[in-house]
Amino acid sequence: MDVRIEDSWKRELATEFEKPYFAKLTDFVRSEYATTTIYPPARLIFNAFDHCPFDKVKVVILGQDPYHGVGQANGLCFSVNKGVKMPPSLVNIFKEIEADTGKPIPADGDLTRWSDQGVLLLNATLTVRAGNAGSHQRQGWEEFTDAAIRTLAEKRKNLVFILWGSYAQRKGEFIDRNNHLVLSSPHPSPLSAYAGFFGNHHFTLANDYLTKNGKEPIDW
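Being a predicted model, the structure only gives us computed values, none of them experimental. (Residues numbered from 1 in each chain as written. Predicted model: local features only at pLDDT ≥ 70, side-chain atom pairs only at ≥ 80, totals over all residues. Heavy atoms only, no water.)

## Quick notes on the pattern of salt bridges
Turning to step 1, where the next piece is worked out: What the rule picks out here adds up to six salt bridges.
Turning to step 2, where the next piece is worked out: For the salt bridge of glutamate 32 with arginine 129, the shortest nitrogen-to-oxygen distance reads 2.5 Å. Of the two residues, glutamate 32 is situated in helix H3 (residues 20-35) and arginine 129 in strand S4 (residues 128-129); the sequence distance between them amounts to 97 residues.
Turning to step 3, where the next piece is worked out: Glutamate 32 sits in the buried class, given a relative accessible area of 6%. (Salt bridge = Lys/Arg side-chain N within 4 Å of Asp/Glu carboxyl O. Helix = DSSP H or I, 4+ residues; strand = E, 2+ residues; numbered from the N terminus. Buried < 20%, exposed > 50% of the residue type's maximum accessible area, 1.4 Å probe, protein only.)

So this is what it looks like as structure tokens:
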């Protein structure tokens, strides 16, 4: 199957595109886009991969679903387009960055600037129905994104995997902690941020590890 995705990822995930589950997933997603409002826009489904080639990945942040409100989702987990009000979890992420690194909260929540530095902002599910969180779960996306994470974990060394919340932590259970830095904490959601997300220092810990392993730190 010819999938429009960045070339290095197309090579690394070529076997996934030929599996029966991916054909079923593709049929489902096409049908959904044809019959109802789906986020993100179809051209941005693989945006996380397109901005962050396989060999350029330095940090992986795992989310769950794309945002399901109008104009929010841009194919990068936790990110929203410029001009869109920042969701509470993203506000809390920026609050922790400010406390951790001293960098002030930015004017917009578009995290493309992170992706272009090597941060793979990967949701477990890459599409969602408008106003219906979780509506595209268990259709095959999770198997596909597991394969992407596994390929990184097995073929690359000294990456940082950032797992916020129990869902992301379960999804990253198989990552070899001897080869990579795995940072876990509660989710930045207002429901859990004060239970250990705030004060986790993940942004400085990630950069310290990257620097120690001869990589450029991320300008958060």
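## Quick word on unusual backbone geometry
Excluding glycine, residues mostly carry a negative phi; peptide bonds, for their part, are mostly trans.
Turning to step 1, where the next piece is worked out: With an omega dihedral of -5 degrees, the bond running from tyrosine 39 to proline 40 counts as a cis peptide bond.
Turning to step 2, where the next piece is worked out: Despite not being glycine, arginine 138 shows a phi value in the positive range, around 60 degrees.
Turning to step 3, where the next piece is worked out: Residue position: arginine 138 is located in the loop between S4 and helix H7 (141-155).
Turning to step 4, where the next piece is worked out: In this model, histidine 201 sits at a positive phi of 60 degrees, which is unusual for a non-glycine residue.
Turning to step 5, where the next piece is worked out: For histidine 201, the location among the structural elements is in the loop between strand S6 (181-185) and helix H9 (202-212).
Turning to step 6, where the next piece is worked out: Residue classification places histidine 201 among the partly exposed positions, given a relative accessible area of 40%.

## Quick word on the sheet that holds strand S3 (residues 119-123)
Turning to step 1, where the next piece is worked out: Strand order in this open sheet of four strands is S3-S2-S5-S6, and the pairing throughout is parallel. Only two strands of the sheet have a single partner each, and these edge strands are S3 and S6. Neighbour to neighbour, the strand axes of the sheet diverge by 20 degrees on average, direction disregarded.
Turning to step 2, where the next piece is worked out: The sheet contact formed by strand S5 (residues 160-164) and S6 spans five bridges and is parallel. By the bridge assignment, isoleucine 162 is partnered in S6 with leucine 183.
Turning to step 3, where the next piece is worked out: H7 contacts strand S2 (59-63), S3 and S5 of the sheet and is inclined by roughly 150 degrees relative to S3. (Pairing = 2+ DSSP bridges. Axes fitted to C-alpha atoms, helices over the stretch in contact; angles between N-to-C directions. Contact = heavy atoms within 4.5 Å.)

## Some thoughts on the environment of serine 184
Turning to step 1, where the next piece is worked out: Along the chain, serine 184 falls in strand S6.
Turning to step 2, where the next piece is worked out: For serine 184, a relative accessible area of 41% gives the class partly exposed.
Turning to step 3, where the next piece is worked out: Separated by 29 residues in the primary sequence, serine 184 and asparagine 213 place their C-alpha atoms 20 Å from one another.
Turning to step 4, where the next piece is worked out: Sequence-distant contacts of serine 184, that is, excluding residues within four places in its chain, are made with Leu163, Gln169 and His202.

## Some thoughts on the environment of serine 79
Turning to step 1, where the next piece is worked out: Inspection of the secondary structure assignment puts serine 79 in the loop between S2 and helix H5 (88-101).
Turning to step 2, where the next piece is worked out: Serine 79 sits 134 residues away from asparagine 213 along the chain, and the two C-alpha atoms are 27 Å apart.
Turning to step 3, where the next piece is worked out: Those residues within four positions of serine 79 in sequence are excluded, and the remaining contacts are Tyr67, Gln72, Asn74, Gly109, Asp110, Leu111 and Thr112.
Turning to step 4, where the next piece is worked out: One polar contact links the side chain of serine 79 to the main-chain carbonyl oxygen of glycine 109, over a distance of 3.4 Å. (Polar contact = N/O pair within 3.5 Å; in protein donor to acceptor, adjacent residues only side chain to side chain.)

## Notes on the nonpolar core
Turning to step 1, where the next piece is worked out: Formed by 65 residues in total, the largest nonpolar core has its most connected members in Phe49, Ile61, Trp114 and Phe144.
Turning to step 2, where the next piece is worked out: When residues in this core are grouped by element, the largest group, seven residues, is from H7.
Turning to step 3, where the next piece is worked out: Phenylalanine 49 has contacts with Ile5, Glu6, Trp9, Leu13, Leu120, Leu122, Leu126, Phe144 and Ala148, leaving out every residue within four places of it along the chain. (Core = buried A, V, L, I, M, F, W, Y, C linked by side-chain atoms within 4.5 Å.)

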